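Understanding the architecture of this molecule
Listed here are the chains, written in short residue letters.
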Amino acid sequence: MKKLLPSGLLFLSTALGVSAQESIEAALVSERAAGTVLEAADTVSAQRLSRSFGLDGAVSGMTGVQIRDYGGLGGLKTVNVRSLGSEHTGVYIDGILVDNAQNMQVDLGRLPEGNFSSVRLYTGGRDALLQSAREYGSANALYLESRAPKGRKFSASVTAGPFLAVQPYLSFENSFKRLGTRLSLTGTLSDGRYPFHVKDTKELPGGGGYDTTMVRHNSDLKSICADAQVFGQKGWRIRAYVYASERGLPGPVFKRGGGWPQSSDRQADADFFLQGSWKKALCAGNSMAVRGKYSHSATRYTDCSEFDASVSPVIYRYGQDALMLSISDAQEITPWWKAGAAADFTYNYMDSNLRNFVYPSRIAFYGAISTMLSFNRLKASVSLMYTLQDDIYGISDKSLRRTFLSPFASISYKPASHLTLSAFSKRSPRMPSFNDLYYTTVGNTGLKPEDAWQSELGARWEESSWSISLRGYHNLVSNKIIAVPTGNQFRWSMYNMEKVRIIGAEVKASYSRRFERLSVEAIARYTFQRAANIGTQNTAYQGHQVPYIPLHSGNLDLSLDFVRTGIRADVTLFLCGERWSSQANLPQFRLSPWACLDSGISKSFGKFSLSLRACNILNRSYQMVSGYPMPGFNVRLRACITL
Amino acid sequence: MFNKKALLIISGIAAIAVACQKGGLQPSDTASEDPDAFLAGTTVTVGEKSSTFTKLFLLNEGAYQANNCTIDFFRFSSNTWYSDIFQKTNPDAALGLGDTGNDIAVYDGRVWTVLNGSGAVVVLDAKSEKKLAAIAVPAPRNIAFLDGMAFVTSYEGAIWGGEAVKGKVYAIDCISYEVEGSVEVGCQPEGIAACGGKLYVANSGGYQAAGYENSISVIDPGTMKVESSIEVADNLHQVVSDRNGNLWATTYGIGEYDESFNYSQTIPCNLYRVNTDTRKATLVENVHASLITPAAEGGILALGNEEELSGACSWAISNVSADGSLRGAKTILPTEGYENAYGIICDPSTGYIYVGFTDYSTPGRVECMEPGGKEIWHVTTGINPGHFALY
């Protein structure tokens, strides 16, 4: 997959005949091809992204990925890879981490899919030499590659969705001599009301049960996102991103007495970041990369009284500032032997109007060294990353230090031209978030980093029109950070309590063929995950499956491109086995398996294109998160013009 | 279709896993004449004494906003424990009983459940467990009865960390199930008790940024007016009248941050004797009282964590007589490290004590014990087995 993608982009750029474009593309490609031992576990191409109507939709089909979707356009969407927890998945935009020290969650719903050309998932992280130090310690990495400008182009689209949603999107791109720019503006306006079913039928002597249709309330969303990028021919790029939103938080569905209003809690966000990177080949065989980022985010959460509208709501404010500087260097010692070193510095600060707030700042250093051997058939790399993290309390001179050492080794071998075998082993930390440590009355400042050991064996067979890959893995998470009740029965606190063992297998088979009038691509994915709570506090449920992880999941994806007519069609079937919402895998906590069939069709008429996407065609009612029903059958229509 | 088949296999495995769980209880022989047969209960071995009551009801609070508040009951005559009966006796009730229960009581052949999360009081027939009525009460907490009326404390419009909002007590007619009136009391009223023809309401003030409440409001049920208040201590929790009409109150305890931002409890959950004539409260020394319930021989049983200030767990029951002295030594409860004792009741006809244990996220446990603490039987319950009532 990795090979196909860059060459595809190169093909496009040469076809456009833009020389500056070529060099920008070349810079991007060289970055990707900088040499990794492990290939991306899964990739979503630009074409698939464009038809996906949302980044979460595109990512959800990837092998080993569990999306936690709270439903609707405004519902939080986070990624969990191989049962490690979403805090272990680093989301990188062009190699720079999307940082959230408060809760370590990245909401994919806030990143417009149209701004990216590909998404790659590295289970076990990436082992490229020029990456930032922090990446060496990421348990999993979701790499979002920005869409580079191609010539001069203006495009505008509008998407009309279900639940009275409208999403306009404007983008302008220009590559001129040595400079490429890309600007985009996206908005979302959604009423968010959608019907859902709740039902429970009992096998009782008198029969009975209920099946009711209800409507999701207070799940509206207003958002705007502006994204500007500048690409330099000499390997530098800068990006500025602004996102602002205001939404309702519908909360879980539960029985409410006598017609009391539904949840009226609100959340408003404003995020901003400015990031840049620069890569340069210095002298013989030596190249370096410098990256930097500043980000600010503000959240205003309004807690309203459900029972009395006359009561003034309570407003909680959270603010975060983050600064990141990274430098990395790679040296080619011999044509088959390279070595690299990287150092990152980060600073985080969090502000809040919570009672007894600590006003924490976090200063962290990440240092990594790595070396890589690459022969014709054999590639291997070893790296070591060190984390040093100091938290300083803003209202006293107290500070707290945490350290972690992450070794990482990977190897790949090609015994035959079509066959690649690979293996890796890696230890990664999940540092405690500000919420884990300092949340009023719940936080525990004594927390240690959560510790994840991952090991994987993989094999891939690749032919010109098809490929199949198999991976088996073993993950062990210890010192897992969870909330536990304390000696005082009215209070909870965070502890390093649990231990989780995950044994998994993934199969991905793909077929693509280009006929004269038609190109066909088909992908089948299957994931098996046995994620067992071992060493939990409650021995009665030891060995039970970790909440929300299905034993079996997978998807089938077929896309057809009728080249001459400009018609594209695709069908995707998602299947997910039963899950439990509690660590006790008992019938009362069981979440039903679900199947979701999506299909889309698009046609281009020169500069115009129209696409139609039908989601949940089988109109199944299902929940990814207990109490948060997903929408039933719905249709989205998008009209796009490109000048 | 592939999917369905896989599912059958998975659920088969799950069923076996559930069946293999430990706990030495066997499913009951469901005799055909048994009125509870369709509820499929669990038989337990009981001691020699027999209760004068018919049933012991248990309200499992469930997890916050998880809509899994459930009712279990124990039928003394058949020694059988029935789990999660509401949906079985009321299959047509959409979304079950509701969210986050906070109290249960039996009055005049009816079971009254207070659902804090759902904002409702649900009344069941104690014999058939069929739903009779659901009454909307905003953020209800606890219930007491006097002269054919039910009185329910309510947080009303309060929000955690918000401005001080006075709570209320709602009066509900036990025949018509109509709300007849309400009276404003202190902030975040918790426990309520009827004693000597008056209602006593414990105000906590636990939601306020400004501080705690420290008094009991005394209500005249005839006029539905607060006639006086009794100062006790900060952050009040329960107020209970014992079998001899003596009034008792407890506090929730208070926590604080040290200079390293470690939060810990500094004031324990205390027990007070309340003299309703002099309107004076006296601290009962050396008793930890997370929860209290009337003792069989008069006075009060206090369930508390002896190590609450150190953050460790050592749950014990203190049997306190009316003069505030301890009857015998405290009964130390055997708990598995993760558990907290969460609910208590004493059957006055047998002296047996029933204690609910929870880890807050998985099904809890109820233990039936002799007054000395010797375990007679235990069963698995729903989440957070917190509140009992005898019928």
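Coordinates for the structure precede this section.
Residues numbered from 1 in each chain as written. Chains lettered and ligands numbered in written order. Predicted model: local features only at pLDDT ≥ 70, side-chain atom pairs only at ≥ 80, totals over all residues. Heavy atoms only, no water.

As for the overall build of chain B
What counts is decided by this rule: The secondary structure listing takes helices from DSSP runs of H or I that are at least 4 residues long and strands from runs of E that are at least 2 residues long, numbered from the N terminus. Partly exposed residues are those whose accessible area sits between 20% and 50% of the maximum for their type, while under 20% is buried and over 50% is exposed, using a 1.4 Å probe and protein chains only. Note on areas: these come from Shrake-Rupley sampling with a 1.4 Å probe, and a residue is covered only by the protein chains present in the view.
Broken down by element type, chain B carries two helices and 32 strands. Per-residue burial over chain B gives 57% buried out of 391 residues. Carbon together with sulfur atoms contributes 50% to the accessible area of chain B, which is approximately 15100 Å² in total.

Quick word on the interface of chain A and chain B
Stated formally: Contact criterion: two residues are considered in contact whenever any of their non-hydrogen atoms come within 4.5 Å of each other. Summed over both partners, the accessible area lost on bringing two parts together, with a 1.4 Å probe, is the buried area. Between Lys or Arg on one side and Asp or Glu on the other, a salt bridge is scored when a side-chain nitrogen of the former is within 4 Å of a carboxyl oxygen of the latter. We define a polar contact as two N or O atoms separated by no more than 3.5 Å, with the added condition that, inside protein, one atom must be a possible hydrogen donor and the other a possible acceptor, whereas residues neighbouring each other in sequence contribute only through side-chain atom pairs. For this scheme, ten residues count as nonpolar: Ala, Val, Leu, Ile, Met, Phe, Trp, Tyr, Cys and Pro. Four count as charged, namely Asp, Glu, Lys and Arg, and the remainder, Gly too, count as polar.
Contacts between the two partners involve 69 residues from chain A and, on the opposite side, 73 residues from chain B. Roughly 5600 Å² is buried in total at the junction of chain A and chain B, and carbon and sulfur atoms are behind 62% of that figure. There are zero salt bridges connecting chain A and chain B. The tally of links from chain A across to chain B stands at nine residue pairs in polar contact (both at pLDDT 80 or more). In terms of residues, the side of chain A that touches chain B owes the most to one element, strand β12 (residues 209–215) of chain A, which gives four residues. The residue inventory of the side of chain A that touches chain B, partitioned by class, reads 33 nonpolar, 26 polar and 10 charged.

Quick word on the sheet that holds strand β6 (residues 116–123) of chain A
Residues and elements named next belong to chain A. What counts is decided by this rule: Strands qualify as paired when DSSP identifies two bridges or more between them.
An order of β1-β6-β7-β4-β5 is seen for the five strands of this open sheet, with the pairing classed as mixed. Every interior strand has two partners, whereas the edge strands, β1 (42–44) and β5 (96–97), have only one. Pairing geometry for strand β4 (residues 89–93) and β5, over two bridges, is antiparallel. Opposite I93, over in β5, you have I96 as the bridge partner.

What about the environment of S51 of chain B?
Residue and element names in this part refer to chain B. For S51, the position within the fold is in the loop between β2 (42–43) and β3 (55–60). For S51, a relative accessible area of 18% gives the class buried. Separated by 69 residues in the primary sequence, S51 and A120 have C-alpha atoms spaced 31 Å apart. Once residues within four sequence positions are removed from consideration, S51 is found in contact with F76, D347, S349 and T350. In terms of polar contacts, S51 uses its side chain to reach the backbone amide nitrogen of F53, at 2.9 Å. Within the structure, S51 has its side chain in polar contact with the side chain of S349 (distance 3.3 Å).

Some points on empty space enclosed by the protein
Residue and element names in this part refer to chain A. What counts here: Of the two site types, the cavity is a set of points on a 1 Å grid over the protein atoms alone where a 1.4 Å probe fits but cannot get out, and the pocket is an open set with protein on both sides within 12 Å along at least five of seven lines, each lined by residues with an atom within 4 Å of a point. Grid points are joined across faces, edges and corners, and a volume is the space filled by probe spheres set on the points.
Per the stated rule, a full pass over the model turns up 10 cavities of 30 Å³ or more. Around the largest cavity, the lining is made up of 29 residues, and of these E87, L97, M104, R134 and P429 lie nearest the centre. Elements with a minimum of two residues in the lining of the largest cavity: β4, β18 (337–352), β19 (360–374), β20 (378–393) and β22 (419–430). Among the elements that make up the lining of the largest cavity, the one with the highest residue count is β4 (four residues). Across the lining of the largest cavity, the residue classes tally to 12 nonpolar, 12 polar and five charged.

Some remarks on the pattern of salt bridges
Residue and element names in this part refer to chain A. The full count for this structure, using the stated rule, is 49 salt bridges over all chains. Among the ionic pairs, E246 bridges to R266, the shortest N-O distance being 2.7 Å. Residue E246 is found in strand β14 (residues 236–249), and its partner R266 is found in strand β15 (residues 265–281); the two are separated by 20 residues along the sequence. Each member of the pair E246 and R266 is classed as buried.

Quick notes on the side chain of D344 of chain A
Residues and elements named next belong to chain A. The cut-off we apply is this: His residues and chain termini do not enter the charge count, which takes Lys and Arg as positive and Asp and Glu as negative.
If you trace the backbone, D344 turns up in strand β18. In this structure D344 is buried but unpaired, with R134 as the nearest side chain of opposite charge at 6.0 Å. A distance of 3.0 Å separates the side chain of D344 from the backbone nitrogen of A133, its partner in a polar contact. Dropping the residues within four chain positions of it, D344 is found in contact with S132, A133, R134, L325, S326, I327, A364, F365 and Y366.

Focus on the side chain of D69 of chain A
All names here are of chain A. Examined against the element boundaries, D69 turns out to sit in strand β2 (residues 65–69). Overall, the relative accessible area of 7% leaves D69 in the buried class. A polar contact of 3.2 Å, which involves the side chain of D69, links it to the side chain of K77. Excluding residues that lie within four positions of it along the chain, D69 makes contacts with D56, L76, K77, M624, V625 and M630.

Concerning the nonpolar core
In plain terms, the rule: Among buried residues, those of type Ala, Val, Leu, Ile, Met, Phe, Trp, Tyr and Cys that are joined through side-chain atoms within 4.5 Å constitute a nonpolar core.
Counting 24 residues, the largest nonpolar core has L55, V59, M62, V65, V119, L142 and L144 of chain A as its most contacted members. Mapped onto this core, the elements with two or more residues apiece are α4 (55–60), β2, β3 (77–81), β4, β6, β7 (140–146) and β14 of chain A. Excluding its chain neighbours within four sequence positions, the residues that come into contact with L55 of chain A are L49, L108, L111, E113, V119 and L144 of chain A. Counting 21 residues, the second-largest nonpolar core is a separate cluster that includes V314, Y316 and L437 of chain A together with V165 of chain B.

A look at the sheet that holds strand β24 (residues 291–294) of chain B
Taking strand neighbours across the sheet as the criterion, the four strands line up as β24-β25-β26-β27 (chain B) in an open arrangement whose pairing is antiparallel. Because the sheet does not close on itself, it has two edges, and the strands there are β24 and β27 (331–332) of chain B.

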